[in-house]
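Residue strings, one per chain:
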Amino acid sequence: MGKLAVISDLHVDINKFGESQMNDLWQVLQKKEITRLHLAGDIANKVNQALAVVDFFAMKGLATTFNFGNHELADVTGEPMMNHFPDNHFLNERYLALNDHTVLLGMNGWYDYQFSELTDEEQILRMKRLYWYDRMIEREGTDLEVNEQVLVATKQLLETLTQKKLDVILATHFVPKKEFIVYQSAPYERWNKLNAFLGSASMGQLLDQYTNVKQVVFGHTHRRFEDQVIQGTKYSCRPFGYYYEWQLTRQFVLQEKLVEKYNPMKLRGVLRDHYPAFLAYQKKHLQEEFERALTIIDY
């Protein structure tokens with residue numbers, strides 16, 4: 001028996017994490033008696049920084065794997081490198097045994113625009129070029145073609161695992177179910193259009209066809225949700241996210257009465273103005289934040 005921990009969206013560069021913060025996460029993993037760690041994308045913007053995080057935990061003796069999110073993909077050239085990155089810890093379009101009857105399957109994932117309120121592909125692409133980080137990713141094909149390739153690869157793997165009568169825990173980056181998409185009201189309705197790039201409804205529909213897919217863990221939304229069971233599969237989404245989105249940050253600004261109305265998108269200036277105090281508060285409560293963002297699965 002062992003314990004798998006999955007965490008996504010660490011964004012160690014944007015969050016200004018170093019060895020001290022990684023040690024905080026390591027202490028949480030030890031406390032939870034974790035025997036395997038999977039990092040489900042957006043570890044950092046640069047691949048070498050992401051690999052440094054992976055190596056940190058691997059050097060501690062913890063079996064560690066990862067798949068890419070959209071932030072790493074902007075730093076990778078060519079589909080072969082995106083899908084089959086030459087690192088022993090990289091887990092995409094392949095699986096590893098957790099025990100005699102369960103495997104961990106890693107998939108980077110992609111999106112099919114179905115979560116957007118827009119339906120015109122040209123309008124969606126215009127939004128992407130204007131507002132979305134992924135405009136820097138050079139894919140060999142359209143987004144819908146890439147999504148179809150991901151679906152084909154996933155289906156082939158799930159067919160193989162079904163034939164082998166193996167249960168599957170799937171770790172991916174992008175959202176596979178609409179239940180984890182938030183639709184905003186004014187003045188933030190633009191996000192309803194940008195939901196195009198959050199995930200793939202067609203991936204969720206594919207997963208519905210396989211009763212051996214026991215749990216799916218993902219992130220990318222920068223919103224945490226309660227687990228949901230859909231079509232017999234448990235879905236877990238609790239990304240770590242940016243420093244101004246954390247629960248500890250909310251507690252800090254409200255406790256210190258730094259804002260009249262809480263809005264995480266408008267906290268960066270507030271936190272910059274009170275950075276020493278925020279850093280001290282973060283140091284005290286960061287392990288709790290890590291705990292809230294972990295998905296732990298017994299195997």
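Residues numbered from 1 in each chain as written. Predicted model: local features only at pLDDT ≥ 70, side-chain atom pairs only at ≥ 80, totals over all residues. Heavy atoms only, no water.

**Considering the environment of D143**
Thought 1: Structurally, D143 can be placed in helix α6 (residues 143-163).
Thought 2: Non-local contacts of D143, meaning those with residues more than four positions away in its chain, are made with W110, Y111, Y113, L125 and K128.
Thought 3: Reaching out from D143, the side chain makes a polar contact with the side chain of W110 at a distance of 3.1 Å. (Helix = DSSP H or I, 4+ residues; strand = E, 2+ residues; numbered from the N terminus. Contact = heavy atoms within 4.5 Å. Polar contact = N/O pair within 3.5 Å; in protein donor to acceptor, adjacent residues only side chain to side chain.)

**Focus: a nonpolar patch on the surface**
Thought 1: Judged by side-chain polarity, Y188, W191 and M265 come together as a nonpolar surface patch covering roughly 280 Å² of accessible area.
Thought 2: With respect to the secondary-structure elements, M265 resides in the loop between α9 (247-255) and α10 (268-273). (Patch = residues over 30% accessible without salt bridge, like charges linked within 9 Å, V, L, I, M, F, W, Y side chains within 5 Å. Areas by Shrake-Rupley, 256 points an atom, 1.4 Å probe, with all protein chains shown as cover. Salt bridge = Lys/Arg side-chain N within 4 Å of Asp/Glu carboxyl O.)

**Here we look at the sheet that holds strand β9 (residues 233-237)**
Thought 1: Pairing within the open sheet is mixed, and its six strands lie in the order β4-β5-β6-β7-β9-β8. Lying at the two open borders of the sheet, with one neighbouring strand each, are β4 (94-97) and β8 (228-230). Strand-to-strand twist across the sheet, computed as the mean angle between neighbouring axes with direction ignored, equals 25°.
Thought 2: For strand β5 (residues 102-107) and strand β6 (residues 167-172), the ladder comprises six bridges, and the chain directions are parallel. Note on β6: the bridge partner recorded for G106 is A171.
Thought 3: Seen against the sheet, α6 touches β4, β5, β6 and β7 (213-218) and runs at an angle of roughly 170° to β5. (Pairing = 2+ DSSP bridges. Axes fitted to C-alpha atoms, helices over the stretch in contact; angles between N-to-C directions.)

**Brief notes about the side chain of N15**
Thought 1: For N15, the position within the fold is in the loop between β1 (3-7) and α1 (19-31).
Thought 2: Polar contacts involving the side chain of N15 include one to the main-chain carbonyl oxygen of G241, which spans 3.1 Å.
Thought 3: Among all residues touching N15, those that are not within four sequence positions of it are L10, F240, G241, Y242, Y243 and W246.

**Details of the UniProt feature "domain: Calcineurin-like phosphoesterase" (unreviewed entry) in the protein chain**
Thought 1: The UniProt record marks residues 3-223 with the feature "domain: Calcineurin-like phosphoesterase" (unreviewed entry), using the residue numbering of this structure.
Thought 2: In residues 3-223, helix accounts for 36% and strand for 17%; the two terminal C-alpha atoms are 24 Å from one another. (UniProt positions renumbered as here; feature names shortened; annotations may be inferred.)

**Thoughts on helix α11 (residues 275-293)**
Thought 1: With 19 residues, α11 extends only 23 Å from end C-alpha to end C-alpha; this falls clearly short of the ideal 27 Å at 1.5 Å per step.
Thought 2: Of all bends in α11, the biggest is about 55°, found at H285.
Thought 3: Inspection of α11 places F278, Y281, Q282, H285, L286, E289, F290 and A293 among the buried residues, and these make up the whole buried set.
Thought 4: In this structure, the buried residues of α11 make contact with β1, α1, α9, α10 and β10 (295-298). (Expected span 1.5 Å × (residues − 1). Bend = angle between axes of the 7 residues up to and from the residue. Buried < 20%, exposed > 50% of the residue type's maximum accessible area, 1.4 Å probe, protein only.)

**Here's the deal with the packing of aromatic side chains**
Thought 1: What the rule picks out here adds up to 27 aromatic pairs.
Thought 2: Between F240 and F290 the ring centres are 4.8 Å apart and the planes differ by 15°, which places this aromatic pair in the stacked class. On the criterion of sequence distance, the pair formed by F240 in the loop between β9 and α9 and F290 in helix α11 is long-range, its members being 50 residues apart.
Thought 3: Overall, F290 belongs to the buried group, its relative accessible area being 0%.
Thought 4: Feature note: the residues W110, Y111, Y113, W132, F174, W191 and F197 constitute an aromatic cluster, connected by ring pairs.
Thought 5: Over the face of the ring belonging to Y275 we find K16, whose NZ or CZ atom lies 5.5 Å from the ring centre. (Phe/Tyr/Trp six-rings, centres within 6.5 Å; stacked < 30°, edge-to-face > 60°. Lys NZ or Arg CZ within 6 Å of the ring centre and 35° of its normal.)

**Here we look at the confidence of the model for the protein chain**
Thought 1: In the predicted model, the protein chain carries a mean pLDDT of 97, and 100% of its residues have values of at least 70.
Thought 2: By mean pLDDT, helix α7 (residues 190-194) is the weakest element of the protein chain at 93, and strand β2 (residues 36-40) is the strongest at 99. (pLDDT = per-residue confidence, 0-100.)

**Concerning the pattern of salt bridges**
Thought 1: Applying the stated criterion across every chain, the model contains 10 salt bridges.
Thought 2: Among the ionic pairs, D75 bridges to K46, the shortest N-O distance being 3.6 Å. Note that D75 is positioned in the loop between α3 (70-73) and α4 (79-83) and K46 in the loop between β2 and α2 (47-59), a separation of 29 residues in sequence.
Thought 3: The salt bridge involving K155 is made with E159; its shortest N-O contact spans 3.8 Å. Separated by four residues within a single helix, K155 and E159 lie in helix α6, roughly one turn from each other.
Thought 4: Taking the relative accessible area as the measure of exposure, E159 reaches 32% and is therefore partly exposed.
Thought 5: Three or more residues joined by partner-sharing salt bridges are found here, namely K31, K32 and E291.

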